[in-house]
Amino acid sequence: MPAPPRPILQAAVRWLDVLRKSDHKLARTLFVTAERYADLTPTQYDVGYIWLKTVGLLDDLDSPMPIADRVFDAAILHSDALWLTDADTLIQAPEELPADVYAVAEALEIEDSSAFQRVHQVWGKVDLEERKRVGDAGEFALIDLLSDAAAAHEIDHVALRADGFGYDIAYRRCGEARNFEVKATTRRTRTVLYLSRHEYRTMMNDPNWHLVVIRLDDDLEPIKIGRVPQDWISSNVPVDTSAHGRWESCRMTVPEDVLVPGIPVEIERPNGTAGRLLSGW
C-alpha cells in the first residue's frame, strides 16, 4: 500500500501520543471535540487509527523511539516502494531521496538528513530479513536437488548446527567431497552476495570449497545454479592496507558472465530438473 497522505500521518502521530495516557474511546472523543485537534476530520482520525493497527504500531505504545520516527519507518516499510530493496545503491545522499519519502518526512517534520538515515535503517532491516528468508530457501533447495540427482550420497547441512564451518553444506559421495557455501537470490538482473572473511579464509585453505549461487523464482523454487570461480573472488575481495584495520565482511556484485553454470558433482540422473540445474544445462 502507498504511504499515507499528510493528514493520516499527522493523525497517526496524535493517536500514538494520546494513547500513551488514555484509551481509544477517550482519545477519539478528544480528537472530535477539542479545538486544537479540529484541523483534521473524524474520518481522518479513524483512518489514521486503522493504519496504525494495520502496520502494528499499536502493539508497542511504550516504545522509547520518537513517535515521528516510528511513524516514518512504518510508512516507508509498508509502502511497497519498489526502490526500497535497492535503497543502498539508489540513495547515496539526502538529495536523492524519492518524492514519496520527501512527502512523508515533510508531513512528520523530519529533516532530510534524518530521513536519509532512517531510510537506510529501514532498508537494513528489510535486507537482513530477506537475505535470511531467501538464503535458507536456497540451502534447502540445493539439498533437495543433490538428493534427487545422485544416489548413495551423504549430505550434511552443517549450517543448521553452527555458522563456524565456513560453508553451509558438506556433500560426500564415492570419495567425492564438496563443501558448498550457498548464496541465494531472487534478483533477475544482478547477483549481489555477502562474503565473510571466515568464508574467504576457508576457501583459501579448503580445495573442496565452492561458492554456489542459486537463483530462485518468486515462489523460492530454483531456476538457475552456478558457481563463482575462486580466482575471481580472490581478485575482488577488499585488501587490508593497515595492521590497524581489517575487513570482516564484504558485499560483492558478480557479473553474469563470471558465473560458471552448474556445480562440480557427478550427476547420475541428468535428465530430470535436478540434473539439468546441477550440471548447468
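Just above sits the structure.
Quick caveat, the model's predicted, so the values are computed rather than measured.

In this section: the packing of helix H1 (residues 6-19) against helix H2 (residues 24-33). Running from N to C, H1 and H2 point in directions that differ by 130 degrees, and their axes come no closer than 10 Å. Comparing the axis directions of H1 and H2 gives the class oblique. Considering the relative orientation of H1 and H2, their crossing is right-handed. Residue-level contacts link Arg14, Trp15, Val18 and Leu19 of H1 to His24, Ala27, Arg28, Leu30 and Phe31 of H2.

This part covers the packing of aromatic side chains. In total, this model carries six aromatic pairs according to the counting rule given. Summarising the aromatic geometry, the rings of Phe31 and Tyr37 are spaced 5.0 Å apart at their centres and angled 85 degrees between planes, so their arrangement reads as edge-to-face. With respect to class, Phe31 is no different from Tyr37; both count as buried. Between the aromatic rings of Phe31 and Tyr45, the centroid separation amounts to 4.4 Å while the plane-to-plane angle is 5 degrees, which identifies the pairing as stacked. Here Tyr45 lies in helix H3 (residues 42-55) and Phe31 lies in helix H2, a separation of 14 residues in the sequence. With respect to class, Phe31 is no different from Tyr45; both count as buried. Taken together, the aromatic side chains of Trp15, Phe31, Tyr37, Tyr45 and Tyr49 make up a single cluster linked through ring pairs. Above the ring of Tyr194, the side-chain terminus of Arg131 is found at 3.8 Å from the ring centroid.

Below, the discussion takes up the pattern of salt bridges. Counted under the stated rule, the structure contains 21 salt bridges. Salt-bridge contacts for Arg118 lead to Asp73; the nearest nitrogen and oxygen are separated by 2.6 Å. With Arg118 in helix H7 (residues 112-149) and Asp73 in helix H4 (residues 67-77), this residue pair connects regions lying 45 residues apart in the sequence. The pair formed by Arg118 and Asp73 is uniform in burial state, with each residue classed as buried. A salt bridge links Glu256 to Arg215, with the shortest nitrogen-to-oxygen separation between them at 3.3 Å. With Glu256 in the loop between strand S7 (249-254) and strand S8 (260-261) and Arg215 in strand S5 (residues 209-216), this pair connects stretches of sequence that are 41 residues apart.

Basis of the calculations
- Residues numbered from 1 in each chain as written.
- Predicted model: local features only at pLDDT ≥ 70, side-chain atom pairs only at ≥ 80, totals over all residues.
- Heavy atoms only, no water.
- Axes fitted to C-alpha atoms, helices over the stretch in contact; angles between N-to-C directions.
- Helix = DSSP H or I, 4+ residues; strand = E, 2+ residues; numbered from the N terminus.
- Parallel < 35°, antiparallel > 145°, perpendicular 65-115°, else oblique.
- Left-handed = near helix turned anticlockwise from the far one by under 90°.
- Contact = heavy atoms within 4.5 Å.
- Phe/Tyr/Trp six-rings, centres within 6.5 Å; stacked < 30°, edge-to-face > 60°.
- Buried < 20%, exposed > 50% of the residue type's maximum accessible area, 1.4 Å probe, protein only.
- Lys NZ or Arg CZ within 6 Å of the ring centre and 35° of its normal.
- Salt bridge = Lys/Arg side-chain N within 4 Å of Asp/Glu carboxyl O.

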